[in-house]
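So the chains spell out like this:
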Amino acid sequence: MYSPTIQGVLAKLIALTSERDVNALEISLAHALFELVAPGAVAIYKLEDPHSKKFALTVMEGADTPGAQIPPDLQHMLEQCVATGQRQQYVRQDGETVTLYPVSCAKNKPLAVIGVTAPEVAGFDQITGMLLQVYQNFIALINDNEQDTLTGLLNRKTFEHKVNKVVTRVQNRHQREDDALGLHYYMAIFDIDHFKLVNDRYGHLLGDEVLLLFAQQMTYSLRDHDLLFRFGGEEFVAIFECHDHDEMQMVLDRFRERVAEFEFPQVGRITVSAGYTEIMAYDASSHIIDRADVALYYAKHHGRNRVCNYERLVAEGALENKRNEGGVELF
């Protein structure tokens, strides 16, 4: 029977809690479980699409590699595990039993399912459960540190790290010429129209309620994998992955229309303007923000309640991109 030493457990906990990146944290968790608890195999299954409830194998220790096909019966068990919030037993075709553990964040939103293949030994289930609880608690701390206290969206402090990861991803695709799916990244800046009037007329408490409800509209209307930030005051930022500018425009216009149709308690209808730009390989975050901000400025000064794309405005001659000076002029 395998019995991890106290020193071994503490060493793995130190390694686990030293990570701040969620993906690296998952790898560290799988490795810790594999070393301490399950000398068979450890798999982490994440929701690929929350709406269709399809899972993807993202991390594996001790057996197959990530990306392996998930059998339909296992897919069903993963869905059941998340739906019930209870561990499940899945018997593979080779007779091996995989214990499935649901992992959720502090708000009970499903994060993943951990699959552990190991001999049934005394204390196995208890140690696994306790290690997963440490992981969940640590994820909750990371999320709290990254979230805006009013809206629950990502905060400005985390923006630089997140956008740099996206730029690196774009660079890697560019270097490998790996764009088989034809996907591109975009950044949009949103600004609530005439928000100062809301604060002046109704007070800051109702102003905060408008910001909270606006953030909820972002969460409900936009996709789960879109990165949503509160940048400060009535300004919000989002990073998207879309096939082209037309799809991006459609996504943003649909959100803009949803906001315009929403009745904010005591305040009534408000509108939002947005400017967006494509994120390019080797972009600096400050340049991306500047381009999106210029497009937003154009939207605010040409009627409000509209979405403008920086690249399209330049192509149409509405903006002059003065690359040598690093600035932009409005005609």
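### As for the packing of helix α7 (residues 204-221) against helix α8 (residues 245-261)
One can describe the packing of α7 onto α8 by two numbers: an axis separation of 10 Å at closest approach and a directional angle of 135 degrees. Comparing the axis directions of α7 and α8 gives the class oblique. In the crossing of α7 with α8, the sense of the turn from one axis to the other is right-handed. Along its contact with α7, which presents F214, Q217, M218, Y220 and S221, the element α8 presents F255, R258 and V259. Residues belonging to the contact of α7 with α8 are distributed by class as follows: 5 nonpolar, 2 polar and 1 charged.

### Considerations on the packing of aromatic side chains
Considering all chains together, one arrives at 7 aromatic pairs under this definition. Centre to centre, the rings of F214 and F236 are 4.8 Å apart; their planes meet at 50 degrees, and the pair counts as tilted. Separated by 22 residues along the polypeptide, F214 in helix α7 and F236 in strand β8 (residues 235-242) bring together distant segments of the chain. Here F214 and F236 have matching classes, each one buried.

### Let's talk about the pattern of salt bridges
For the structure shown, the criterion picks out 11 salt bridges. Between D94 and R92 there is a salt bridge; the shortest N-O distance is 2.7 Å. Judged by its relative accessible area of 52%, D94 is exposed. Put simply, D283 and R291 hold a salt bridge, and the shortest N to O gap is 2.7 Å. The pair formed by D283 and R291 is uniform in burial state, with each residue classed as buried. Taken together, the salt bridges that share partners define one network made up of D191, D193 and K300.

### Remarks on unusual backbone geometry
With phi around 55 degrees, H194 is a residue other than glycine that occupies positive phi space. Within the secondary structure, H194 is located in the loop between β6 (184-192) and α6 (195-202). Within the chain, N305 stands out as a residue other than glycine whose phi angle is a positive 50 degrees. With respect to the secondary-structure elements, N305 resides in the loop between α9 (285-300) and β10 (307-309).

### Digging into the pairing of strand β3 (residues 88-91)
Burial along β3 is one-sided: Q88 and Y90 are buried, while Q89 and V91, pointing the other way, are not. Relative to strand β4 (residues 97-104), β3 is paired through 4 bridges, and the arrangement is antiparallel. Paired with Y90 across the strands is V98, a residue of β4. Counting the residues that bridge the hairpin from β3 to β4 gives 5 residues, and of these G95 lies at a positive phi of roughly 90 degrees.

### A look at the sheet that holds β6
Within a sheet, neighbouring strands are paired by backbone hydrogen bonds and run either parallel or antiparallel to one another. In space, the 5 strands of this open sheet follow the order β7-β8-β6-β9-β10, with mixed pairing throughout. Each having just a single partner strand, β7 (227-232) and β10 make up the two edges of the open sheet. In this sheet, neighbouring strand axes are inclined to one another by 20 degrees on average, regardless of whether the strands run parallel or antiparallel. Two strands pair when backbone bridges link them, and β6 and strand β9 (residues 272-278) are joined in this way by 7 bridges, in the antiparallel orientation. The partner of I192 across the bridge, within β9, is V272.

What counts as what
Residues numbered from 1 in each chain as written. Predicted model: local features only at pLDDT ≥ 70, side-chain atom pairs only at ≥ 80, totals over all residues. Heavy atoms only, no water. Axes fitted to C-alpha atoms, helices over the stretch in contact; angles between N-to-C directions. Helix = DSSP H or I, 4+ residues; strand = E, 2+ residues; numbered from the N terminus. Parallel < 35°, antiparallel > 145°, perpendicular 65-115°, else oblique. Left-handed = near helix turned anticlockwise from the far one by under 90°. Contact = heavy atoms within 4.5 Å. Nonpolar A, V, L, I, M, F, W, Y, C, P; charged D, E, K, R; others polar. Phe/Tyr/Trp six-rings, centres within 6.5 Å; stacked < 30°, edge-to-face > 60°. Buried < 20%, exposed > 50% of the residue type's maximum accessible area, 1.4 Å probe, protein only. Salt bridge = Lys/Arg side-chain N within 4 Å of Asp/Glu carboxyl O. Pairing = 2+ DSSP bridges.

None of this, on its own, says anything about what the molecule does.
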